Amino acid sequence: MTEKERQEAMAVATPPYASDALAEGTVDAVVIGGGAAGLNGALILARSRRSVVVIDSGSPRNAPAEAVHGFIVLDGTPPSDVLRRGREQVRQYGGRVVFGEVVSAESAAPSADGDLRFTVTLADGRSITARRILVATGLTDVLPQVPGLAEHWGHSVVHCPYCHGWEVRDEPIGILATGPVSIGHAFLFRQLTEDLTYFTHGTGLDEDSRARFAARGIRVVDTPVTEVVDDEGGALAGVRLADGQVVARRVVAVAAQLQARTQGLEGLGLPVQDLPNLGRGFASGMAGTTEVPGVWVAGNATDLVAQVGASAAAGALAGADINRMLAIADTDAALQGIAGGSPQGATR
Ligand SMILES: Cc1cc2nc3c(=O)[nH]c(=O)nc-3n(C[C@H](O)[C@H](O)[C@H](O)COP(=O)(O)OP(=O)(O)OC[C@H]3O[C@@H](n4cnc5c(N)ncnc54)[C@H](O)[C@@H]3O)c2cc1C
């Protein structure tokens, strides 16, 4: 299976939703990505009377999951419901949400008073000019290349004990190791089941960890896994090893590599950073600021381990910081005697 085929197997068809028209002229902020981070950033901006357009390709990371868990009040709500309500709330304050994919984003010539400008182009060729950008594109989970694994992603193949751990409690669970990060992962899943097998799958496992696993009753299998095996009904039934043996399991937990979704954003020149054993994300500072003036980043695109609540909070912080910086820019412009920013955040 190629990487593309694997991603397609993991993806859940997310039907397009009603899209707003792209705004004319220059808007205060374009938010790239309409998941929890992007929508919460847009909500703060719209409520601050900033003109804001969210451009979202509609494939949030948790789309395969039946419900969001571990987020107070919203626990048990389908991800699509959370985002639908989020879009409604952004629109309620005048924000726009456009269904589309950003294929390029880059800085443009500044305004006459020196204020920053960016051009954002969609896959259908339309473009929009913004004073500030919030990148909230999320990340891609990259699974190990084991046949049959991707097809169960988000259901019987899970990554996060806090997202689906309760739902798979007491099941026979296998940890498919991807590296040292899987050792800690195993102890978290051991909290959820007594029937846990750790498949080293070619990764190292030191003697101390083996002793700790033994103390907690975690079995270790060093023979590599060759495929995930289904029962007749298509449910995950186990993993086949290189020696042909099948180890019965109902759930496989795997620490996927986490890769920020950077496609189409290269023109912004945002620095990315590698996080050992975890993945790759955009580098950011306080409130999602980046080394690129005028560009903020929030959610999984920069914080690879953020869940929905943390992503939404990061989006809100970034939105507030963008509003703060726009207020300074508006005041600088007013001081210069050049047309200042209107309280509606209108174009200038
Ligand atoms: C299977 C699974 C289950 C999960 N369950 C839970 C759970 O129960 N509880 C929990 O708290 N967390 C859960 N998570 C984690 C959760 O998915 C993330 O924390 C959350 O989605 C991060 O929000 P985000 O806004 O950063 O990114 P996302 O939600 O991934 O949103 C990013 C958006 O940006 C869009 N986008 C990307 N690139 C572009 C582009 N170039 N142009 C336009 N739009 C673009 C995407 O289409 C997407 O809509 C789960 C994750 C997975 C994989």
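Rules and cut-offs
Residues numbered from 1 in each chain as written. Predicted model: local features only at pLDDT ≥ 70, side-chain atom pairs only at ≥ 80, totals over all residues. Near = placed C-beta within 6 Å. Helix = DSSP H or I, 4+ residues; strand = E, 2+ residues; numbered from the N terminus. Nonpolar A, V, L, I, M, F, W, Y, C, P; charged D, E, K, R; others polar. Domains from an automatic or database assignment. Buried ≥ 20, exposed ≤ 12 C-beta atoms within 10 Å, placed from the backbone. Pairing = 2+ DSSP bridges. Axes fitted to C-alpha atoms, helices over the stretch in contact; angles between N-to-C directions. Contact = placed C-beta atoms within 7 Å. Left-handed = near helix turned anticlockwise from the far one by under 90°.

## Some thoughts on the site of the ligand
Of all residues adjacent to the ligand, which total 41 residues, the nearest are Gly33, Gly35, Gly138, Gly299 and Gln307. Those elements that provide at least two residues to the shell around the ligand are α2 (36-47), β2 (52-56) and α7 (308-335). Here the shell around the ligand is composed, by residue class, of 16 nonpolar, 20 polar and five charged. Residue-level mapping places the shell around the ligand at the junction of two domains, with at least three residues from each of domain 1 (3-140 + 257-335) and domain 2 (144-254).

## Overview of the environment of cysteine 160
Within the fold, cysteine 160 resides in the loop between β8 (157-158) and α4 (161-164). Classification of cysteine 160 by C-beta neighbours within 10 Å gives partly exposed; the count is 19. With 29 residues separating them in the primary sequence, cysteine 160 and phenylalanine 189 have C-alpha atoms 9.0 Å apart.

## Observations regarding the sheet that holds strand β7 (residues 139-142)
Taken together, four strands build an open sheet; the order of strands is β7-β16-β18-β17 and the sheet is mixed. Sheet topology places β7 and β17 (272-275) at the edges, where each strand pairs with a single neighbour. Pairwise comparison of adjacent strand axes, ignoring direction, gives a mean angle of 25° for this sheet. Two strands pair when backbone bridges link them, and β17 and strand β18 (residues 279-282) are joined in this way by four bridges, in the antiparallel orientation. Pairing of aspartate 274 across the sheet is with arginine 280, part of β18.

## Topic: the domain arrangement of the protein chain
Size of an interface: often given as the accessible area lost when the parts come together. Assigned domains within the protein chain: domain 1 (3-140 + 257-335) and domain 2 (144-254). Relative placement of domain 1 and domain 2: their C-alpha centres are 34 Å apart. Facing the 10 residues of domain 1 at the interface are 12 residues of domain 2.

## Describing the packing of α2 against α7
Packed helices, taken two at a time, are described by their axes: the angle between them and the distance between them. Running from N to C, α2 and α7 cross one another at 35°; their axes reach a closest spacing of 7 Å. The two elements α2 and α7 meet at a crossing, and its hand is right-handed. Listed contacts from α7 to Ala36, Ala37, Gly38, Leu39, Asn40, Gly41, Ala42, Ile44 and Leu45 of α2 are Val308, Ser311, Ala312, Ala314, Gly315, Ala316, Ala318, Gly319, Ala320, Ile322 and Asn323.

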